[in-house]
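Survey of secondary and tertiary structure
What follows is each chain in one-letter form.
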Amino acid sequence: MAQQDDNVLKKVISHAKEYGFIFPSSEIYDGLSAVYDYGQNGVELKNNIKEYWWRFMTQLHDNIVGVDAAIFMHPTTWKASGHVDAFNDPMVDNKDSKKRYRADVLVEDAIAKMEEKIEKEVEKAAKRFENFDRAMFVSTNPRVLEYQKKIDETNARLKAAMGSNDMPAMKQLIADLEIADPISGTKNWTDVRQFNLMFSTEMGSIAEEANKIYLRPETAQGIFVNFLNVQKTGRMKIPFGIAQIGKAFRNEIVARQFIFRMREFEQMEMQFFIRPGEEMKWYEYWKAKRMKWHQSLGLGEDNYRFHDHLNLAHYANAACDIQFNFPMGFKELEGIHSRTDFDLKNHEKYSGKKLQYFDPELNQSYIPFVVETSVGLDRLFLATLSKGYKEEKLGTGGEENERVVLSIPPALAPHKVAVLPLVRKDGLPEKAEKIVNDLKLDFRCYYEDKDTIGRRYRRMDAIGTPYCVTVDHQSLQDDTVTIRHRDTMQQERLSISAVKNVLAETCSMKSLLQKLV
Ligand code: ATP
């Protein structure tokens, strides 16, 4: 991670705490590793992200409905889904630093470094030659070809070792790539061991009779076990989807990087049930749809890219990530997986209940195939916060010469508008309160009458409030106010009755969703 970007993450973390977005869990006891609480502004931003996803998925697709399944599920669910046997990550410790790592991530990072080297060669050559042909260069340059060969070999070995659960082969791969611990700098590694990521607990009051149950590691299984309930009661016809937002729990081996990798987090998942054989068509369809959804947030189209999985999960026949350019670099934000009929078939096997759909057009019954879209709510939150965070020099001198502004999408902002009486007298607070009362049924408003107007603007900038409406003496005469735009800081005078329209056009969920219809 570049020093500068490391600083960005640190600044975002401290800003998130200072302004009531995110606090470490149970902080008075020094916190709990990789668990966080959302504060008064955080919960609003998070709820807005959820609403944006939920309404896009369910309201704008008439063949997708939602559920809210329990976190606890029958323990056989996790046997059938493969999680008891296969939801493992390979872990390895460095004997000198005593730090623990995911072995596959160490190898993937080494591959990423080789890819960076190729990019450097390309950049160098592009500067040297005028009509530079990238495709020609990468297919002929001996140094690039050598790197590419090593990348392909490494990918193949990683895939083989992970696929066959061969941990000694993983250890050998780390040794052959000469991977050193970034902390101790040594290559003194332990054996690689598999570690199951599910948290378990017991249900029942008498120890001997209690059943071991798991905290769900993904929300998807709550959808699969309800597949027929929803299909029958909703009279759903294939293709159709079931969406869900909820908590998931994973005992992550390495849980660093703030809310990027937590042990308790939230997922927004949708399982799309389709005819067998049509999975690649729908896989491509959902890849495009989901990318468009992300890009419509306006965090910068270049900050997203697809990354195909080489090392497929036990249930998938095709899978990719939508990666986002976080302060730590491009990392997974959302997964899109073609899950075949793996889950429903296994639930049928383990439960002994038929989980088939009768297709009236084909006049036959089958177990549907599934394409899943699964996005981490907390990662989306981090993406929004880290791209929105800006430090600006204003050049006006004194206290006002710099500001921190959260340029987050207006529809996601915790408050859409702050209504500020210029002074706390002469009837201005009453006028301002009247404006708030008129707006608050449609938009979340903030009222504040303490401090100088400049300080109040700064506080609103820091929590991402798109507009500040200032009530002054002229407002009492002609029912106008000034409205200040968060990003440009420009102010204009307009009539009080026009404020609602400005907010509706630029800050409402509808204004964001409109880009997608
Ligand atoms: P990773 O490779 O980063 O561990 P994954 O491939 O295991 O993620 P999935 O099982 O595909 O993740 O889960 C779907 C989404 O849930 C991910 O794209 C991510 O946004 C989110 N997610 C997964 N694990 C975590 C976590 N520990 N903390 C926060 N979000 C997570």
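Our subject in this report is the structure included herewith. (Residues numbered from 1 in each chain as written. Predicted model: local features only at pLDDT ≥ 70, side-chain atom pairs only at ≥ 80, totals over all residues. Heavy atoms only, no water.)

1. Quick look at the pairing of strand β4 (residues 88-93)
Most of β4 is tucked away, with six of its six residues classed as buried. Bridging between β4 and strand β6 (residues 193-196) involves four bridges; their strand directions are antiparallel. Across the sheet, residue P90 finds its bridge partner in β6, namely Q194. Connecting β4 to the antiparallel partner strand β5 (residues 100-102) that follows it, the hairpin turn spans six residues, and K98 within it adopts a positive phi of roughly 65°. (Buried < 20%, exposed > 50% of the residue type's maximum accessible area, 1.4 Å probe, protein only. Helix = DSSP H or I, 4+ residues; strand = E, 2+ residues; numbered from the N terminus. Pairing = 2+ DSSP bridges.)

2. Some thoughts on the sheet that holds strand β10 (residues 264-274)
If you walk across this open sheet you meet the seven strands as β3-β9-β10-β16-β13-β12-β11, and the pairing is mixed. The open sheet has two edge strands, β3 (64-66) and β11 (304-308), and neither has a second partner. Ignoring which end each strand starts from, the neighbouring axes of this sheet average 25° apart. Examined bridge by bridge, strand β13 (residues 329-340) and strand β16 (residues 369-376) share six bridges and lie antiparallel to one another. The residue of β16 that forms the bridge with S338 is V371. (Axes fitted to C-alpha atoms, helices over the stretch in contact; angles between N-to-C directions.)

3. Things to note about a positive patch on the surface
Residues K113, K117, K120 and K150 make up a contiguous surface patch of positive charge. The greatest single-element share of the positive patch, amounting to three residues, is contributed by helix α5 (residues 103-128). On the secondary structure map, K117 appears in helix α5. K117 sits in the partly exposed class, given a relative accessible area of 43%. (Patch = residues over 30% accessible without salt bridge, like charges linked within 9 Å, V, L, I, M, F, W, Y side chains within 5 Å. Areas by Shrake-Rupley, 256 points an atom, 1.4 Å probe, with all protein chains shown as cover. Salt bridge = Lys/Arg side-chain N within 4 Å of Asp/Glu carboxyl O. Lys, Arg positive; Asp, Glu negative; His and termini not counted. Charge placed at Lys NZ, Arg CZ, Asp CG, Glu CD.)

4. Points about the packing of aromatic side chains
Under the defined criterion, the tally for this structure stands at 18 aromatic pairs. Ring geometry for W53 versus W54: centroids 6.2 Å apart, planes at 40°, classification tilted. Under the relative-accessibility criterion, W53 is labelled buried at 0%. Chaining the aromatic ring pairs together yields one cluster made of F224, F227, F240 and F273. When the ring centre of W293 is taken as origin, the NZ or CZ atom of R290, which lies over that ring, is 4.3 Å away. One residue, R379, lies across the ring of F260, its end atom 3.7 Å from the ring centre. (Phe/Tyr/Trp six-rings, centres within 6.5 Å; stacked < 30°, edge-to-face > 60°. Lys NZ or Arg CZ within 6 Å of the ring centre and 35° of its normal.)

5. Points about the pattern of salt bridges
In the structure shown here, the tally under the stated rule is 41 salt bridges. For the salt bridge of E264 with K247, the shortest nitrogen-to-oxygen distance reads 2.9 Å. Taken together, the residues span a long stretch of sequence, with E264 in strand β10 and K247 in strand β9 (residues 240-249) at a distance of 17 residues. Residue K247 is classed as partly exposed on the basis of its relative accessible area of 30%.

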